[in-house]
Amino acid sequence: MNEIYLDYAATTPLVPEVLEAVIDCLKNDFGNPSSMHSLGIRAEKRIREAAIQAANLLGALPEEIFFTSGGTEANNLAVLGTAYDKKRRGMHCITSSIEHPSVIQAFSHLESQGYDVTYLPVDAKGAISLDDLKSALNDDTILVSIMHVNNEIGSIQAIQEIGTLIKSKKVKPVFHVDAIQSFGKLPIRPELWGIDLLSLSGHKIHAPKGIGALYIKKGVCLQPILFGGNQQGGLRSGTENITGIVGLGKAAQWIAERYKSEPDYLPKLKDKLVRGIQQAFPNAHINGSLKNSAPHILNVAFPGLRGEILLHGLEEEGVYISTGSACSSRNRKHSHVLSGLGLNDQLLEGSIRISLSYLTTEEEIDAFLPILIRTVERLERYIRR
Amino acid sequence: MEKVMLLRYGEIFLKGRNRPFFEKVLLNNIRKALISFEDIKVIRAQGRFFVENYSDELAVVQALTLVFGLVSISPAYKIEKDYEKIAAVSKQLMEDELMERQEETITFKVESRRADKQFPMDSMTINKDLGGILLEEFPRLKVDVHEPDIQLQVEIREYCYLYSRIIPCAGGMPVGTNGKAALLLSGGIDSPVAGWMIAKRGVALTAVHYHSFPYTSDRSKEKVIELGKILTRCCGPIRLHIVPFTRIQQELYEKCPDEQLTILMRRYMMRIAEEVALREGAAALVTGESIGQVASQTLESLAVTNDAVSMPVFRPLIGFDKVDIMNTAETIGTYETSILPYEDCCTVFTPRHPVTKPRLENILKSEQLINGEELIQEALDNIEVIQLP
């Protein structure tokens, strides 16, 4: 059975270029970048090279890239590090109700320490409103954290407009963007968009797990959340994960090239997928909107079916998708993102997420559609009475 | 000075002429429980076992407390039958005991048994004399023959064994001395406890689990495998039978009255389990049912379920409250795994209003609506067998 992996928003396999770079690094560059001798210097150079590769994709400077253990740490560092640093200026933060748990939980930790957090609601399309943001901003606001692309439904926030709005204030709050899902799939220009902090993750772009990065605009101050040997300018102590860093750099370069050579690749695939589903199932419900969504994430509900059963049904046919996000499918609660859209219970339970990458081919979509149709029809015979 | 473990077994004594058989099975089970300890020796003696030649006492104790059929164990000093030495080791043992206690005054008594009548002193004399020596040595000690804090035990056999602690074990009877039964293992809290209780009576287990992919996930299957593995720690090896059950559920759903689905499903589960039991040489079925817990466990439902098979069905939890079952599950170590949330996406086949007082003739009529025998055969043909541990 040919397996079809359509769960790239959960994680991605290494592409050969990245695997090669990682193996080469494991074999040849075991040095500690902090060492005084030449092995250390070689390791340091490889890190610098990776920082350049990642920075290029953002139009940023390599010294603005700080490597972390992954997206969660990058988000934690951004939120907690800013809040601790700006505490004396104010204790109000703004975020959205559909952020990733690594942002939401960091904020609820801040709330327990006396900070005031505003969670902006989203509309049925999964977008926050600029008016809401405008009225939430006050002189006490030190941080606004809004994700670029939502990991469950793929909705895109108007980051550029949000950045412009925030930076028009007299007292400018720090603007953090969780770009973990959008990095490499949508253009991002922190410098032009008023972004101060931006989180990345390696394993969403075909680099290994256990590596991420935080872009920190020059001049923006943070307090560290890890303490130790003062690596990376004291902002992130801990010997650098050089293998992961090399992988992340290479993956950033790879995905940038893919994007540049064929910016329409993912949108076309998604379009084909959506049309196929809508043709076969007129009552399938696209969660969020199609217009304003990432080219690699589709969240769709089949009323009456349970997403989990559909997931296993597809698994039987060698197709891997997801319900909600993989991180949250362990706890049995409804996804906070889907509930945030105001979906009814039937749609909440019936939702699946199909996510693509540059590795996905048209042939795979062609093969997937009949399997999906067959599976949905097979399972629809047994809907709870 | 050598440390050994003294093992006691209880009920086996009652078994008269079968005793050698029971002892042999128990000895075998003990050896299996200790298989990971290199060079360890298990020795059979009159009415006792000894475990010798080990270093990690705590690990040996932990392994032995799980073995059904053992009543208690005692870590003991094994010394030559020389009274001077016995006195010296007694002092040392008492010193260790006193170090662990805070109280100003500690009561004790010496209790000796002289199995070797060649030994020159009788047990009364040993008690008195050793007691005297210890009183003189440790001013904190006081004699109390009724409820002492410390009981110094002296056993004079081919060697002398000295000990002060008796660690209770699981009790019950050695697994394998009372035949085999097939356990319907669901993944919930109850069925592992039911299996444990029956195994404790010396019954070997084989297990049957119903898997309804895609309605239940592979994670829930992994969970059942894990539960089975936990059970094998005290219940011996288990062959776990994973029975594909989706087709039967779908057929029942399409052709039979909604409110009867659960009871019908349970009857098919029982039938399949009975077939598996026969194949495996098991003489009974074991379920985790307890009266009134859910609609399918009313007296009427239990009777209709029971009617599906002719083999005896043991329900050791029948009169237990849920809390008691949960407590036992915690003790035997299955609770944490049982409450993992990977199941119950199977609500499709759960009727909203299940019958609580099913009538057998109605259920039998419904069963005419599907080709039960063929479906059962198909399920049996596609069983996946997993040998645990």
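Residues numbered from 1 in each chain as written. Chains lettered and ligands numbered in written order. Predicted model: local features only at pLDDT ≥ 70, side-chain atom pairs only at ≥ 80, totals over all residues. Heavy atoms only, no water.

Q: Before we go on, may I ask you to explain the overall build of chain A in this structure?
A: Helix and strand counts for chain A stand at 13 helices and 12 strands. Over its C-alpha trace chain A gives a radius of gyration of 21 Å, about what one expects of a compact globule, namely 21 Å for 385 residues. Across its three principal directions, the C-alpha atoms of chain A cover 65 × 50 × 35 Å. When each of the 385 residues of chain A is scored for burial, the buried share is 58%. Restricting to contacts in chain A with at least 6 residues of sequence separation, those with at least 24 account for 74%. Element-wise, carbon and sulfur atoms account for 52% of the exposed surface of chain A, whose accessible area totals about 16000 Å². When the 40 positive and 42 negative side-chain charges of chain A are each reduced to one mean point, those points stand 3 Å apart. (Helix = DSSP H or I, 4+ residues; strand = E, 2+ residues; numbered from the N terminus. Rg over C-alpha atoms; globule rule 2.2 N^0.38 Å. Buried < 20%, exposed > 50% of the residue type's maximum accessible area, 1.4 Å probe, protein only. Contact = heavy atoms within 4.5 Å. Areas by Shrake-Rupley, 256 points an atom, 1.4 Å probe, with all protein chains shown as cover. Lys, Arg positive; Asp, Glu negative; His and termini not counted. Charge placed at Lys NZ, Arg CZ, Asp CG, Glu CD.)

Q: Explanation requested: the overall build of chain B in the structure shown.
A: Looking only at helices and strands, chain B features 13 helices and 15 strands. Expected size for 389 residues packed as a compact globule is a radius of gyration near 21 Å; at 27 Å, chain B overshoots this value by more than 25%. Seen through its principal axes, chain B has C-alpha atoms that stretch 85 × 40 × 35 Å. Partitioning the intrachain contacts of chain B with sequence separation of at least 6 by distance along the chain shows that 80% fall at a separation of at least 24. Accessible area for chain B stands at about 18200 Å²; split by element, carbon and sulfur atoms hold 50% of it. Taking the average place of the 46 positive charges on the side chains of chain B and the average place of its 55 negative ones, the gap between the two points comes to 5 Å.

Q: Would you mind showing me how to read helix α9 (residues 299–306) of chain B here?
A: Because the α-helix completes a turn every 3.6 residues, residues three or four places apart line up on one side. Residue and element names in this part refer to chain B. Of all the positions in α9, only Ser-301, Leu-302, Val-304 and Thr-305 are classed as buried. Within α9, the buried residues cover an arc of 165° as seen down the axis, which keeps them to one side. Buried residues along α9 sit in contact with α8 (261–280) and α12 (360–367). (Arc of directions from axis to C-beta.)

Q: Would you mind showing me how to read the packing of aromatic side chains here?
A: Each aromatic ring pair is characterised by the separation of its centres together with the angle its planes make. On inspection of all chains with the given rule, the structure shows 13 aromatic pairs over all chains. Aromatic side chains Phe-21 of chain B and Phe-22 of chain B sit 5.5 Å apart centroid to centroid with 75° between the ring planes, which places their arrangement in the edge-to-face category. Taken together, Tyr-382 of chain A together with Tyr-215, Tyr-253 and Phe-349 of chain B form an aromatic cluster joined through their ring pairs. Between the NZ or CZ atom of Arg-258 of chain A and the centre of the ring of Tyr-265 of chain A, over which it lies, the distance is 5.3 Å. The ring of Tyr-268 of chain B has Arg-271 of chain B lying over it, and the distance from NZ or CZ to the ring centre is 4.9 Å. (Phe/Tyr/Trp six-rings, centres within 6.5 Å; stacked < 30°, edge-to-face > 60°. Lys NZ or Arg CZ within 6 Å of the ring centre and 35° of its normal.)

Q: Mind showing me how you'd approach the sheet that holds strand β9 (residues 285–286) of chain A here?
A: Strands in a sheet are paired, the pairing made by backbone hydrogen bonds, and the direction either parallel or antiparallel. All names here are of chain A. Pairing in this open sheet of 3 strands is antiparallel, and the strands run β9-β10-β12 from one edge to the other. Strands at the two margins of the open sheet, each flanked by one partner only, are β9 and β12 (351–355). Summarising the sheet, strand β10 (residues 297–301) and β12 pair through 5 bridges and their orientation is antiparallel. Among the inter-strand pairings, Ala-301 is bridged to a residue of β12, identified as Ser-351. (Pairing = 2+ DSSP bridges.)

Q: What's the story with the interface of chain B and chain A in this structure? I'm lost.
A: Interface size, as often reported, equals the accessible area lost upon joining of the parts. The partner chain A presents 15 residues to the 23 residues of chain B that form the contact. Together chain B and chain A conceal approximately 1900 Å² of surface at their shared face, both sides included; 49% is due to carbon and sulfur atoms. The largest share of the area that chain B buries against chain A comes from Phe-213, Pro-214 and Tyr-253 of chain B, three residues that together contribute 29% of it. Counting across the interface, chain B meets chain A through 1 salt bridge. Between Arg-381 of chain A and Glu-254 of chain B there is a salt bridge, and its shortest N-O distance comes to 2.8 Å. The interface formed by chain B and chain A includes 1 residue pair in polar contact (both at pLDDT 80 or more). (Buried area = accessible area lost by both parts, 1.4 Å probe. Salt bridge = Lys/Arg side-chain N within 4 Å of Asp/Glu carboxyl O. Polar contact = N/O pair within 3.5 Å; in protein donor to acceptor, adjacent residues only side chain to side chain.)

Q: Sorry, what's going on with the nonpolar core here?
A: Nonpolar side chains tend toward joint burial in soluble globular proteins. In terms of nonpolar packing, the biggest core is built from 133 residues, with Phe-67, Ile-277, Phe-302 and Ile-354 of chain A together with Ile-272 and Leu-285 of chain B touching the most fellow members. Non-local contacts of Ile-354 of chain A, meaning those with residues more than four positions away in its chain, are made with Leu-6, Leu-273, Ile-277, His-296, Ile-297, Leu-298, Val-300, Ile-321 and Phe-368 of chain A. The next biggest cluster of nonpolar side chains, apart from the first, holds 32 residues, and it includes Val-193, Ile-242, Ala-329 and Ile-332 of chain B. (Core = buried A, V, L, I, M, F, W, Y, C linked by side-chain atoms within 4.5 Å.)

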